[in-house]
Amino acid sequence: VTREREFEQALADWIEDGFLEAPDRPIRAAIAHARAHPRRRFSFVGLGRALMDRIQMSEVKQQGAHRGWLVAVGVTAVVGALVIGLIGTGVVSFGGGPNELPAVGAPAGTATPAAAAATPTPDEALAKMFTMFDAPYSPAQIAALYAPDAVLHDTIANETSTGLAEIQAKLSYLSTLNFHSTRTSATIRQGDFVAFFETHGEPGYDEPGLVVVQLKDGKIVNQWVYGAP
Amino acid sequence: VERELVERAQRGDAEAFAALAHAASDRLYGIAYRILRDPDRAEDALQLALVRIWDDLPALRDPERFDAWSYRLVVHASYREAGRERRWSGRIRPIVSDPVADDGISTIVARDELERGFRRLTPEHRAVLVLHYFVGLPVTEVAETLGIPAGTAGSRLHYAVRSLRAAFEADERGVVAWRTTA
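Residues numbered from 1 in each chain as written. Chains lettered and ligands numbered in written order. Predicted model: local features only at pLDDT ≥ 70, side-chain atom pairs only at ≥ 80, totals over all residues. Heavy atoms only, no water.

> Which residues make up the nonpolar core, and what values go with them?
Burial of nonpolar side chains together is a common tendency in soluble globular proteins. Ranked by size, the top nonpolar core spans 70 residues in total, and within it Leu11(A), Phe17(B), Ile31(B) and Leu129(B) carry the most contacts. The greatest single-element share of this core, amounting to 14 residues, is contributed by helix 2 (residues 14–36) of chain B. Ignoring any residue separated from it by four or fewer positions in sequence, one finds Ile31(B) in contact with Tyr71(B), Val74(B), Val75(B), Val130(B), Leu131(B), Phe134(B) and Val135(B). Listed in part, the 20 residues of the second largest apolar core include Met132(A), Ala150(A), Leu171(A) and Val213(A). (Core = buried A, V, L, I, M, F, W, Y, C linked by side-chain atoms within 4.5 Å. Buried < 20%, exposed > 50% of the residue type's maximum accessible area, 1.4 Å probe, protein only. Helix = DSSP H or I, 4+ residues; strand = E, 2+ residues; numbered from the N terminus. Contact = heavy atoms within 4.5 Å.)

> Any chance you could break down the pairing of strand 6 (residues 207–216) of chain A for me, citing the residues and the numbers?
Counting buried residues along strand 6 of chain A, 7 of its 10 residues qualify, which places the element largely inside the surrounding structure. Connecting the antiparallel pair strand 6 of chain A and strand 7 (residues 219–227) of chain A is a turn made up of 2 residues, with Asp217(A) showing a positive phi of about 50°. (Pairing = 2+ DSSP bridges.)

> Quick rundown of the interface of chain A and chain B? Include the residues and the values.
Residue-level contacts link 38 residues of chain A with 48 residues of chain B. For the pair chain A and chain B, the summed buried area comes to about 4000 Å², and 59% of that belongs to carbon and sulfur atoms. At the surface where chain A touches chain B, the tally comes to 3 salt bridges. A salt bridge links Asp44(B) to Arg25(A); the shortest N-O distance between them is 3.2 Å. For the pair chain A and chain B, the interface holds 10 residue pairs in polar contact (both at pLDDT 80 or more). Here the element with the most residues in the side of chain A that touches chain B is helix 1 (residues 2–16) of chain A; it accounts for 10 residues. For the side of chain A that touches chain B, a count of residues per class yields 21 nonpolar, 7 polar and 10 charged. (Buried area = accessible area lost by both parts, 1.4 Å probe. Salt bridge = Lys/Arg side-chain N within 4 Å of Asp/Glu carboxyl O. Polar contact = N/O pair within 3.5 Å; in protein donor to acceptor, adjacent residues only side chain to side chain. Nonpolar A, V, L, I, M, F, W, Y, C, P; charged D, E, K, R; others polar.)

So, in structure tokens, the structure goes:
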């Protein structure tokens, strides 16, 4: 009995030993998440689901079945107008244009020869952004991609994350949901802007989206996420 | 943790949540760290748990149960972190101990053997040990916190302690043999 007690005491002492104070980073990130997300599940997906629910409800009721299609057509029109607008203003071009964009994470001014732009290949650092949800969440990776004062515009949910901490909190939260993002188009580049289509969502809820990124000095300073048809 | 703080956070008060997070984090991090034995993973588990606390707080019916509820969230976050690393056992780091607390070769070796024994346990067994010995919950409350039958919690605790004790006693025999030959 004495030996059992001795062992239990040794075990209790051993488990008690070690760090007792929580680091600040996860607390700050969670608080930033709370301030940026008025308690709801993730926005891209949530809004997509809400949209689908609305469409399905309309179909069930039959009286308004066409409304769901009207919403889908509306989204198509908005995204189409956006892309056309970007092309028209020269922000985006579909291949063939000069590829003057500095690589993400690289110093500005490292222009790629125009010949290489015929089949635009995303640089390695930017490509990592597309697969960040496939790996364990890494604050360092986010910090390498985004400028400290970067802004992430989630136009689907009408949410804006300003600054690295808020962006990290948002992306970290997505990571906890097993969120994933897969690029479905070539990367379109012009000037400081990059655009591409993707599918994103939690497992089983893939939804199409359009992502436009503005770069400065090799880091993302603005990112817009739009729903796509 | 104050009931009023929990209720305010439930209503969406982010400042109340901030106070709640600061008040609860040391204990939650302590639990995650002791299950995972890795400070980086424990940080991630803490963040995941805090985010879930904010998101799911309205579903907590009894604010008085906040502590136990938050323990469950951090334990599950730790399970998740553990599952993310395929070579998890190879990444486990020994807990940094206070050198002053080590009172001799037998203690150092015993701690090492406990670490090795603990490493061989599953996260589910570790969680029961941590909630019982670190948080100080009786087995029935461990079961309630984890949402498992009391019998399951008891058998997990029994198995885990038996495994560690076997490692500990093997170590004692080793120390005696070492002293004999030295």
